[in-house]
Amino acid sequence: AKADGGNRYALADPDSDARAISRHHLTHHLPAALKGSEFFIEYQPLIRMEDGSLEGAEALVRWSHPRHGVLGPDRFIPLAEHTGLIVPLGRWVLRESVRQACEWQVQGIGGSRPLRLNVNLSPRQLNHPDLVEETVSVLDEFGLPPGSLCLEITESAMVRADDHELKPLRQLADLGVGIALDDFGTGYSNLASLRRLPVTTLKLDRSFSEGLQQHPADPVDMKIVEGIVSLAHALELSVTVEGVETCNQAERLRELGCDSAQGWYYARPGPPERLPEAV
Ligand code: C2E
Ligand code: CA
Ligand code: CA
Ligand code: CA
């Protein structure tokens, strides 16, 4: 890559240079990007471990930037979170992905068991007073059953929330919406606090899959996952693992009782048309 705008860092590390230029620039352009429909959503399949069938998909937002190409969410979600634009952006992601999920259901993808849609929710959205009302109205608009939607909230955001802030999630859970504790195992929640949280699923962070990559897998890592799965099941929570990249990992995680999995081994995130191929 060549130096851009005479920035000396470009010579040393084009990637970090791109990040440095962009932060300000990206923040500045976020509102116009949302208005100008520069965002799009990729979907990554969620696979049932018992039989390898398609359980659902996670919606992952991308920004098709006219100058910088396709940007991943790590580049702009923190900025959108910081400026508050995450609220309208998140609203758009929810509406567009629910619309897409209904289309899949109408097409009969997933067979007799309706597909589940997983959508990420940022802390700012969690604290927004209209979260419950907006979510219910989007489900109503497209006729998606609440049980077909699962909202993912990171463990670190969830454990920071007090009872008042958790109330909207509890209301949504009571309506049948699934609530997943995302990146579980990285947020320092003590296991007892799981009782307090309105969650239906633990989504084990990728680091757990990584621990099972070598063969033979690290016996301690195996024990840890085994323990988390048995605790989760005792609390009637399902367990999804992310970051499954190899057949070996998939086999181990299945043996350890994980309910579903997501990762490059099954499929990378892709456009909605590609989801049926994952069946
Ligand atoms: P996440 O929720 O933990 O999503 C999983 C990330 O892991 C995705 O990165 C996905 O592409 C990646 N991944 C999937 N399978 C594998 C694998 O086998 N190996 C490896 N190494 N990675 C895998 P992505 O798409 O870059 O998203 C990054 C993060 O951005 C997400 O992490 C999520 O926290 C956030 N995000 C994405 N879309 C949204 C959104 O609409 N709203 C909010 N608030 N956050 C979002
Ligand atoms: Ca997620
Ligand atoms: Ca995750
Ligand atoms: Ca993660």
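This section reports on the structure supplied with the text. Not measured: the values here are computed from a predicted model.

Describing the environment of Ser-122
So, step 1. Its location among the elements puts Ser-122 in the loop between β4 (116-120) and α5 (123-126).
So, step 2. If near-sequence neighbours (up to four positions away) are discounted, Ser-122 is found in contact with Glu-81 and Ile-86.

Considerations on the coordination of the calcium ion (ligand 4)
So, step 1. Within the protein, the calcium ion (ligand 4) binds to Asp-183 (OD), Asp-205 (OD) and Glu-242 (OE); these donor distances fall in the range 2.4 to 3.1 Å.
So, step 2. All donor residues of the calcium ion (ligand 4) come from one chain, and their arrangement in sequence is D-x21-D-x36-E.
So, step 3. Owing to a relative accessible area of 13%, Glu-242 belongs among the buried residues under this scheme.

Observations regarding the side chain of Gln-100
So, step 1. Inspection of the secondary structure assignment puts Gln-100 in helix α4 (residues 86-107).
So, step 2. Among the residues examined, Gln-100 registers a relative accessible area of 6% and is labelled buried.
So, step 3. Gln-100 has contacts with Tyr-43 and Pro-272, leaving out every residue within four places of it along the chain.

Observations regarding the coordination of the calcium ion (ligand 3)
So, step 1. For the calcium ion (ligand 3), every protein donor is listed as Asp-182 (OD), Asp-183 (OD), Glu-242 (OE) and Glu-242 (OE), and the spread of their distances is 2.1 to 2.7 Å.
So, step 2. Linear spacing of the donor residues for the calcium ion (ligand 3) on their chain is D-D-x58-E.
So, step 3. Separating the calcium ion (ligand 3) from the calcium ion (ligand 2) is a gap of 3.7 Å, bridged by Asp-182, which donates to each. Of the two residues, Asp-182 is situated in strand β6 (residues 178-184) and Glu-242 in the loop between β8 (238-241) and α11 (247-255); the sequence distance between them amounts to 60 residues.
So, step 4. By relative accessible area, which is 6% here, Asp-182 ends up buried.

Things to note about the nonpolar core
One recurring pattern in soluble globular proteins: nonpolar side chains tend to sit buried together.
So, step 1. Leu-149, Leu-151, Ile-153, Met-158 and Val-225 are the most contacted members of the largest nonpolar core, which has 74 residues in total.
So, step 2. Broken down by element, this core gets its largest block of residues, nine residues, from α4.
So, step 3. If we ignore the near neighbours within four places in the chain, the residues touching Met-158 are Ile-153, Leu-166, Leu-169, Ile-179, Leu-181, Arg-196, Leu-197 and Val-199.

Considerations on the packing of helix α6 (residues 131-142) against helix α8 (residues 163-175)
So, step 1. In the contact formed by α6 and α8, the axes pass within 9 Å of each other and the chain directions differ by 30 degrees. Classified by the angle between their axes, α6 and α8 sit roughly parallel to one another. Residues Leu-131, Val-132, Thr-135 and Val-136 of α6 form the contact with α8, whose participating residues are Pro-168, Gln-171, Leu-172 and Leu-175.
So, step 2. Across the contact of α6 with α8, the residue classes break down as six nonpolar, two polar and no charged.

Quick word on the site of ligand 1
So, step 1. Taken together, 22 residues are adjacent to ligand 1, and Gln-44, Arg-62, Asp-182, Glu-245 and Trp-264 come closest.
So, step 2. Gln-44 places a side-chain nitrogen or oxygen 3.0 Å from a nitrogen atom of ligand 1.
So, step 3. A distance of 3.2 Å separates an oxygen atom of ligand 1 from a polar side-chain atom of Asn-120.
So, step 4. Calculation on ligand 1 without its partners gives an accessible area of 810 Å², and the protein chains cover 84% of this total.
So, step 5. Looking at the shell around ligand 1, the elements with two or more residues in it are β2 (54-65), α3 (73-83), α4 and β6.
So, step 6. Considering every element that reaches the shell around ligand 1, the biggest residue donor is β2, with four residues.
So, step 7. Class assignment for the residues of the shell around ligand 1 results in nine nonpolar, five polar and eight charged.

What to know about the pattern of salt bridges
So, step 1. In total, this model carries 15 salt bridges according to the counting rule given.
So, step 2. For Arg-196, the salt bridge identified is with Asp-163, shortest N-O distance 3.4 Å. Highlighted residues: Arg-196 in the loop between β6 and β7 (201-204) and Asp-163 in helix α8, separated in sequence by 33 residues.
So, step 3. Under the relative-accessibility criterion, Arg-196 is labelled partly exposed at 31%.
So, step 4. By relative accessible area, which is 47% here, Asp-163 ends up partly exposed.
So, step 5. Close ionic contact of Glu-210 with Arg-206 constitutes a salt bridge, the shortest N to O distance being 3.1 Å. Here the residue Glu-210 and the residue Arg-206 both occupy positions in helix α9 (residues 206-211), the gap between them amounting to four residues, near one helical turn.
So, step 6. Classification of Glu-210 by relative accessible area gives partly exposed; the value is 40%.
So, step 7. Residue classification places Arg-206 among the partly exposed residues on the basis of a relative accessible area of 43%.
So, step 8. Residues participating in the shared-partner salt-bridge network are Glu-50, Asp-51 and Arg-113.

Rules used in this analysis
Residues numbered from 1 in each chain as written. Chains lettered and ligands numbered in written order. Predicted model: local features only at pLDDT ≥ 70, side-chain atom pairs only at ≥ 80, totals over all residues. Heavy atoms only, no water. Helix = DSSP H or I, 4+ residues; strand = E, 2+ residues; numbered from the N terminus. Contact = heavy atoms within 4.5 Å. Donors = N, O, S within 2.8 Å, 3.2 Å for Na, K, Ca; no water. Buried < 20%, exposed > 50% of the residue type's maximum accessible area, 1.4 Å probe, protein only. Core = buried A, V, L, I, M, F, W, Y, C linked by side-chain atoms within 4.5 Å. Axes fitted to C-alpha atoms, helices over the stretch in contact; angles between N-to-C directions. Parallel < 35°, antiparallel > 145°, perpendicular 65-115°, else oblique. Nonpolar A, V, L, I, M, F, W, Y, C, P; charged D, E, K, R; others polar. Near = heavy atom within 4 Å. Polar contact = N/O pair within 3.5 Å; in protein donor to acceptor, adjacent residues only side chain to side chain. Areas by Shrake-Rupley, 256 points an atom, 1.4 Å probe, with all protein chains shown as cover. Salt bridge = Lys/Arg side-chain N within 4 Å of Asp/Glu carboxyl O.

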